[in-house]
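So the chains spell out like this:
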Amino acid sequence: MKSNVYFIDLRATARENFPAKLKRLMETAGISKVVKKKDLVAVKLHFGELGNTAFIRPVYIRKIVETIKGLGGEPFLTDANTVYAGTRSSAPRHLTTAIQNGFAYAVVEAPLVIADGLMGRTETAVTINQKRFKKVYIGSEIVQADTLISVAHFKGHELSGFGGTIKNLGMGCASRKGKLAQHSTVNPQVVEEKCEGCGDCVLRCSQKALQVIEKKAVIDSKKCIGCGECILICENGAIEIQWNQAIPVFLENMVEYTMGVLKNKVEKAFFINFITDVSPACDCMPVNDAPIVRNIGVLASTDPIAIDQASVDLVNLEPALPGTCLTINTGPGEDKFKGVYPEIDWKIQLDYANELGLGSTDYELVRL
Ligand code: SF4
Ligand code: SF4
């Protein structure tokens, strides 16, 4: 059976501005079936790394908060800490970054709670008994919440091709241990002929796993956690992974974690994707390159797989914007994410999620 995915574009009128349209989207897509009175509602989003500006605007989040409160729920905004050095690697840093990026109470009208605590160790083991993991480790505050509203910024991603709801849940809700477990199969190598020894990757590596020896970068595989940051930072493309082996496993890991996040949220989870500022890489980067397609709109659904499938289809239907990093697959109908990351088969995350019964890639797009 096809899952409904509801869609609004960004057109607005004097009668209905965009926040009002966003509320109508959530109501039509059935948020009232998921949020009940007195529910503690985890609104899982990405506050953006400091320096990134592509994350979802806080004023949109306020409308989501207002809608949840209108249903009698008690919302809090949440994300889990990162494994790499940066501005969100502990709760104090993470909260400070969130507020600096505009997610202050005065703006969003909801408290911020870091899902996995001070240092990313406040976790709950969830048993899933799947082929890659028997147990997954999720930020405890998300597990304990009555209801989960995922609000994902849909964009490109350096390891998963695109990042949407599955990424927001599987990687985004995992504790530090959970994130490390998912990344453990990403084993980057330096291609010596391409390396100029500039040292940019050394500065970016949180684990001090990289050094430049005799003008070539060298990775200490014992220290490397497979976060993939160095791959993106190297402008020469001198750091590579075994894409054919590492990426399918990484994507399956992420999907199994998504399963763990949703395990105790049957009929208590709701998903929203913003296809706005579709930057080529993750909001975890302290920078965002120009969007590869125009701002398309917002989707909502109770199916976490259908919403990502619909989002990727809408992006790929668009012509690429001129003057971006996307130089191939630029025409309407061509795969934009393959254009940015030719080695990554993003479809694996959708197919595996389908196989695990997390939702369906078969959907009906309902335009409001
Ligand atoms: S950033 Fe690239 S070119 Fe520079 S040292 Fe690292 S691998 Fe070599
Ligand atoms: S070497 Fe690269 S992938 Fe490994 S920890 Fe450092 S930045 Fe991350």
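This is a predicted model, so every value here is computed, not measured.

1. Notes on the overall build of the protein
In step 1: Scanning the protein from terminus to terminus reveals 13 helices and 16 strands.
In step 2: Relative to the globule expectation of 21 Å for 368 residues, the C-alpha radius of gyration of the protein, 20 Å, shows essentially globular dimensions.
In step 3: Principal axes of the C-alpha set define a box for the protein whose edges measure 65 × 45 × 40 Å.
In step 4: A total of 368 residues make up the protein; the buried ones form 50% of that total.
In step 5: Expressed as a percentage of contacts within the protein between residues at least 6 apart in sequence, the contacts between residues at least 24 apart total 75%.

2. Regarding the site of ligand 2
In step 1: Around ligand 2, 14 residues are found, and the nearest of them are C205, C224, C227, E229 and C230.
In step 2: Its residues placed into classes, the shell around ligand 2 shows 9 nonpolar, 3 polar and 2 charged.

3. Examining the pairing of strand β6 (residues 135–139)
In step 1: In terms of residue burial, β6 counts as a mostly covered element, since 4 of its 5 residues are buried.
In step 2: Here strand β5 (residues 123–127) runs beside β6; their pairing, made up of 5 bridges, is antiparallel. When the sheet's bridge partners are listed, T124 is paired in β6 with I138.

4. Brief notes about the packing of helix α1 (residues 18–29) against helix α2 (residues 58–70)
In step 1: Where α1 meets α2, the closest approach of the two axes is 10 Å, and the angle between their N-to-C directions is 45 degrees. Relative to α2, the element α1 lies oblique. Between α1 and α2 the crossing geometry is right-handed. Contact with α1, carried on its side by P19, L22, K23 and M26, involves Y60, K63, I64 and T67 of α2 and no other residues of that element.
In step 2: In terms of residue class, the contact of α1 with α2 is made up of 5 nonpolar, 1 polar and 2 charged.

5. Some details on the nonpolar core
In step 1: Membership of the largest hydrophobic core comes to 94 residues, with the highest contact counts inside it found for V43, I142, I149, V151, L299 and A300.
In step 2: Looking at this core, the element that brings in the most residues is helix α10 (residues 243–262), giving 10 residues.
In step 3: By size, the runner-up hydrophobic cluster in this structure holds 9 residues, among which are C205, C230, A238 and I239.

6. Concerning helix α11 (residues 304–317)
In step 1: With 14 residues, α11 extends 20 Å between its outermost C-alpha atoms, agreeing within 8% with the 20 Å of an ideal straight helix rising 1.5 Å per residue.
In step 2: With respect to burial, α11 is a largely interior element, 11 of its 14 residues being buried.
In step 3: Of the residues making up α11, those classed as buried are P304, I305, A306, I307, D308, Q309, A310, S311, V312, L314 and V315.

7. Concerning the packing of α11 against helix α13 (residues 347–355)
In step 1: Remark: α11 packs on α13, axes separated minimally by 10 Å, with the N-to-C direction vectors making an angle of 155 degrees. Judged by the angle between their axes, α11 and α13 are roughly antiparallel. In the crossing of α11 with α13, the sense of the turn from one axis to the other is left-handed. Facing α11, whose interface residues are I305, D308 and Q309, α13 presents L350, A353 and N354.
In step 2: Tallied by class, residues from the contact of α11 with α13 come to 3 nonpolar, 2 polar and 1 charged.

So, how was this worked out
Residues numbered from 1 in each chain as written. Chains lettered and ligands numbered in written order. Predicted model: local features only at pLDDT ≥ 70, side-chain atom pairs only at ≥ 80, totals over all residues. Helix = DSSP H or I, 4+ residues; strand = E, 2+ residues; numbered from the N terminus. Rg over C-alpha atoms; globule rule 2.2 N^0.38 Å. Buried ≥ 20, exposed ≤ 12 C-beta atoms within 10 Å, placed from the backbone. Contact = placed C-beta atoms within 7 Å. Near = placed C-beta within 6 Å. Nonpolar A, V, L, I, M, F, W, Y, C, P; charged D, E, K, R; others polar. Pairing = 2+ DSSP bridges. Axes fitted to C-alpha atoms, helices over the stretch in contact; angles between N-to-C directions. Parallel < 35°, antiparallel > 145°, perpendicular 65-115°, else oblique. Left-handed = near helix turned anticlockwise from the far one by under 90°. Core = buried A, V, L, I, M, F, W, Y, C linked by C-beta atoms within 7 Å. Expected span 1.5 Å × (residues − 1).

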